Amino acid sequence: MSASTEQATTDAAGGAPPAPAVPARRDRRGLLTALTVALVLLCAGAAVAVSIGDDGFWRQSGLPVPEPGLKAATVVAKVLAVAATALAAGSLLVGGLVAAPQTSGTVDVHGYRALRRGTLAATVAGLSAIAAGWLSVADMTGNSPDVLASVGPFGWLGAAATIEEPLGWALAGALLLLVALGSAFSLSWKAAAALGLLAACAMAVPAAVHPAATGAGHDWSGDANVLRAVAGTAWLGLVAALVAFRVHGGVVEGRTAGRVRGLLAVGGVVYLVGEVVFQLVVTDAGPLGGSPYVRVAVVVAVLLAALVPLTALLARGLVADPAGPVPGRLLPIVAVLGATVATLGVASIRLVPPRFVVADDSALQTLIGWDITRPFSALAVLVDWRWNLLFGTGALVLAGLYLAAVRRLAARGVRWPVGRTVAWLLGCATLLVATSSGLGFYSPSMFSVHMISHMTLNMLAPILLSLGGAVTLALRVLRPAGRGNPPGPREWLLAAVHSRVAKVVTHPAFAAVLFVGSFYVLYFTPLFDGALRFHWTHQLMNLHFVLVGYLFFWPLIGVDAAPHRLPHLGRLAVMLATMPFHAFFGVAVMSSSTVLGENFYRQVGLPWVDLLDDQRTGGGIAWATGEIPMLLVMVTLVVQWSRDDSREAARKDRQAERDDDAELKAYNAMLEQMRRGG
C-alpha cells in the first residue's frame, strides 16, 4: 500500500490505518500446510496398507489376494472419498447453519464460499467413491482393472451387487454426485443444510455393508459402524469447514458458537460410542495377541485419544475468539491425526478381526445375529430382550428431549398439557418395546412376530407420537435466532415443516397411498424376501413403518399444525377409505398358499414353527391390529370435532358479548329487508 493510499484510507475512516492482514495470510499458510501434510500422509498410508494385510489368511481361505498396486489404489480411493465427503458435509452445514443468510433466504458471501467448496468436495467424493467401488470389485474378485474395463463402464455393477461392499461405495458415490448437482444450482441456506446432512448420511451406505458386520452380533456392529461413519464424517468435516470459514474472515459468536460446540460435542460422542461398540463386537472371544487387526485398532485408539481433545481445543479456538487468528499450530497436528485415523480405518477393512479367526457361527447367528432357543410366548416378550442400538437408544433420547422441553416450559411458568406428555412417552415406549423387547428379538425369524412389530410401529406408535405435539412444544421452547443472525434450531424446524417436501408427503392423498400401498409393494413382491436377509434392511423397514405412519396420522389427528389440514368430515372420509385396504391385506395374507419370504424362513428353520400356519397367524394379526387402531383414530376424530365445535361456539359467544350480538342483528336485518322486498 502506498503512502498516499494509506493516508486516504486513514482520512476516510477517521482513525488509524487498518492493520495488515498478516493473520489471514498466516492462517492460509497453515491451512495449505495441513492439507499438504494430509495428502502426503495419505500416500504413505496407502503404502502401509499394502504391508499390513492378512494375505496368508486370505490365501488359506481360498480368497483372492490383490496386487500391491491395486490394494494401494483402493485404499487411496476410499480414504479420498471419506475425506472429501467430510469436507463436503461440513462445508454445506457451515453454509446453511453457521453463515448468516441474507434476508431473501440466500446465503451470504461466506455461505457462498462454503457452498462452492462443498460442491467441489462432493464432486471429488462422488467420483472417488465410485472409483473405490470399481477397484473393490477387482480387489475382492481377483480380477485386474483391465478385465473390469473390458466389460464396459457399468458391467462391474453386477459383480458389485453380489459382493455388497463395492455396491455400497458406488451408491454412496451416486448420492454424493446428486449432492454436488444440487449444491451447484442452489443458493438457499435451507438447501445447503439439507444437502450437508445428505452428504454425511451417504457414508452410511458403505458402512452398513461393512465386511465385519456379519455373523454373531452383526446387528450391533452394523449399527455401530453406521453411527461412527456418519457422526465421524460430520464431526471432522465440520471442524475442517470451520477452519476454512474462519480463514476467509467468517465469525462464529453468540448463540451460533454455542450451537457449533453442541454439534461438535454430539458428533464426537456418537462417533466414539460407535467406535467402541464396533470394536468390542468384532474382537469378542478372539485371539488378541499377534493379530494385525488388533495392532491397527490399538494404534487407532491411541491416535483417537490424542485427536479428540486436540480437535476440541481447535474447535474451541475457532469459536472462542471470533476476531483472533485460527489456531495454526494445532491445525497441522489435527490434520495429520485425522488423515492417519481415516487411512488406518479404511486399510483395516482387508484385515481379519479376531472374532472371525475362531468364529463358528450358527445358521441363526449368520442370518439374524443371535440364537433363539425357545418358542415365542408372552413371557419371552418380557424376558428375551435384544437392544436395538438405533431405535432403542433413539426412543430414550426422544423421551428425554421431550421431558427436558416440558421442564423448561414449566420453569417459565407455562403449563403443558399432561395428556400430550403421556401420549408422547407412551409412543416412545411403544417404539422401544417393538424394536428391543422380545418382539424385536423374535421379529427377524418369525413372520407372525414380525407382523406384530410392524403393525405396532406403523399404527400404534405414530398415533401416540402425533398426539404428543412435539413440534408445537419445540416451537414454544426454542427462541428465534434474531434478525441478521444465522438460523437456529427453531428456524431449522420451521424450514422443515414448511418445506415443499413436507407439503407433498403430508398431503392426505399422497400419505394415504403411501400408507396403504407400501403394505402390498413390500409383502407381495420379491422386495420382502430380499429385505429379510440383511440387518440394515430390517432397520430401513422399521424406519419406513414409523415415518409413513406418522405422515399419515399427523394431518388427521395430530396436535401440530400440518401443511394440509382437512375439515373433520374429510378426515373421516380418508379413514373410511383406507380401512378396507387393511382388511384386504390381512385376508390376502391369511388366504395365501405361498409362504412369503419362504427361502429365508426355511434357512432360519425354527423347529417349532410351521411357516404357513405362522403366516396365517400374521395375516390375522395384520387384520385385527389394523382395524382396532383405526377405530380408535375415528373415535379421536369425533372427540376432536366435538371439542372444536365447542370452542368455536364459545368464541362466537364471547364475540357476541363484545359487539352486542352484531352478527345476529345484521342477519335478522337482512331477513327483514328480504321480507319487505317480497
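Chemist: Account for the overall build of the chain, naming residues and giving values.
Modeler: Check the secondary structure of the chain and you find 31 helices and zero strands. When burial is assessed residue by residue, the chain has 47% of its 678 residues classed as buried. Within the chain, contacts between residues separated by at least 24 positions form 80% of all contacts whose residues are at least 6 apart in sequence. As displayed, the chain has an accessible area near 31,600 Å², and 68% of this comes from carbon and sulfur atoms.

Chemist: For helix H21 (residues 447-468), give the residues involved together with the corresponding values.
Modeler: The first and last C-alpha atoms of H21 sit 31 Å apart over 22 residues, in line with the 32 Å expected at 1.5 Å per residue. Of all the bends found along H21, the most pronounced is centred on Thr456 and spans about 35°. For H21, the tally of buried residues reaches 19 of 22 residues, placing the bulk of the element in the interior. Backbone geometry just after H21 places Gly469 at a positive phi near 60°.

Chemist: Describe the side chain of Gln365, naming the residues involved and giving the relevant values.
Modeler: Inspection of the secondary structure puts Gln365 in helix H16 (residues 363-367). Only 3.4 Å separates the side chain of Gln365 from the side chain of Asp371, close enough to count as a polar contact. Those residues in contact with Gln365 that sit more than four places away from it in its chain are Gly215, Ala216, His218, Asp360, Trp370 and Asp371.

Chemist: Can you tell me about the packing of aromatic side chains, naming the residues and giving the values?
Modeler: Applying the stated criterion to the full structure yields 21 aromatic pairs. Seen from their ring centres, Tyr402 and Trp424 are 5.1 Å apart, and the 10° between their planes marks the pair as stacked. Here Tyr402, found in helix H18 (residues 391-411), pairs with Trp424, found in helix H19 (residues 418-436); they are 22 residues apart in sequence, far enough to count as distant. For Trp424, a relative accessible area of 9% corresponds to the buried category. Here the aromatic rings of Tyr523 and Phe528 are separated by 4.8 Å at their centres, their planes lie at 45°, and the arrangement is tilted. Of the residues examined, Tyr523 reaches a relative accessible area of 1% and is grouped as buried. Here a set of aromatic residues connected by ring pairs shows up, and it is made of Phe447, Phe515, Phe519, Tyr520, Tyr523, Phe524, Phe528, Phe552, Phe553 and Phe585. The side chain of Arg228 reaches across the aromatic face of Phe278, ending 4.1 Å from its centre.

Chemist: Which residues make up the packing of H18 against helix H22 (residues 470-477), and what are the values?
Modeler: Angle between the axes and distance between the axes are the two parameters that describe a pair of packed helices. Remark: H18 packs on H22, axes separated minimally by 10 Å, with the N-to-C direction vectors making an angle of 45°. By the angle between their axes, H18 is oblique relative to H22. Pair H18 / H22 crosses with left-handed handedness. When H18 is examined against H22, the residues Tyr402, Ala405, Val406, Arg408 and Leu409 are found in contact with a partner set consisting of Ala470, Leu473, Arg476 and Val477. A breakdown of the residues in the contact of H18 with H22 according to their chemical character gives seven nonpolar, no polar and two charged.

Chemist: Outline the nonpolar core, supporting the account with residue identities and numerical values.
Modeler: One finds Val94, Val98, Leu242, Val252, Leu264 and Val341 to be the most contacted residues of the largest nonpolar core, which totals 73 residues. Among residues more than four places away in sequence, those in contact with Val94 are Ala99, Ala114, Leu238, Ala241, Leu242 and Phe245.

Chemist: Any chance you could break down the pattern of salt bridges for me, citing the residues and the numbers?
Modeler: For the structure on display, the rule yields six salt bridges. One salt bridge connects Asp219 with Arg386, and the closest N-O pair in it is separated by 3.0 Å. A residue pair is termed long-range when its members are at least 10 positions apart, and Asp219 in helix H11 (residues 218-247) and Arg386 in the loop between helix H17 (378-383) and H18 qualify at 167 residues. Take Arg386: its relative accessible area is 15%, and that puts it in the buried class. Arg616 is the partner of Asp613 in a salt bridge, and the nearest nitrogen-oxygen pair spans 3.4 Å. Separated by three residues within a single helix, Asp613 and Arg616 lie in helix H30 (residues 611-659), roughly one turn from each other.

Each value, and the rule that gives it
- Residues numbered from 1 in each chain as written.
- Predicted model: local features only at pLDDT ≥ 70, side-chain atom pairs only at ≥ 80, totals over all residues.
- Heavy atoms only, no water.
- Helix = DSSP H or I, 4+ residues; strand = E, 2+ residues; numbered from the N terminus.
- Buried < 20%, exposed > 50% of the residue type's maximum accessible area, 1.4 Å probe, protein only.
- Contact = heavy atoms within 4.5 Å.
- Areas by Shrake-Rupley, 256 points an atom, 1.4 Å probe, with all protein chains shown as cover.
- Expected span 1.5 Å × (residues − 1).
- Bend = angle between axes of the 7 residues up to and from the residue.
- Polar contact = N/O pair within 3.5 Å; in protein donor to acceptor, adjacent residues only side chain to side chain.
- Phe/Tyr/Trp six-rings, centres within 6.5 Å; stacked < 30°, edge-to-face > 60°.
- Lys NZ or Arg CZ within 6 Å of the ring centre and 35° of its normal.
- Axes fitted to C-alpha atoms, helices over the stretch in contact; angles between N-to-C directions.
- Parallel < 35°, antiparallel > 145°, perpendicular 65-115°, else oblique.
- Left-handed = near helix turned anticlockwise from the far one by under 90°.
- Nonpolar A, V, L, I, M, F, W, Y, C, P; charged D, E, K, R; others polar.
- Core = buried A, V, L, I, M, F, W, Y, C linked by side-chain atoms within 4.5 Å.
- Salt bridge = Lys/Arg side-chain N within 4 Å of Asp/Glu carboxyl O.

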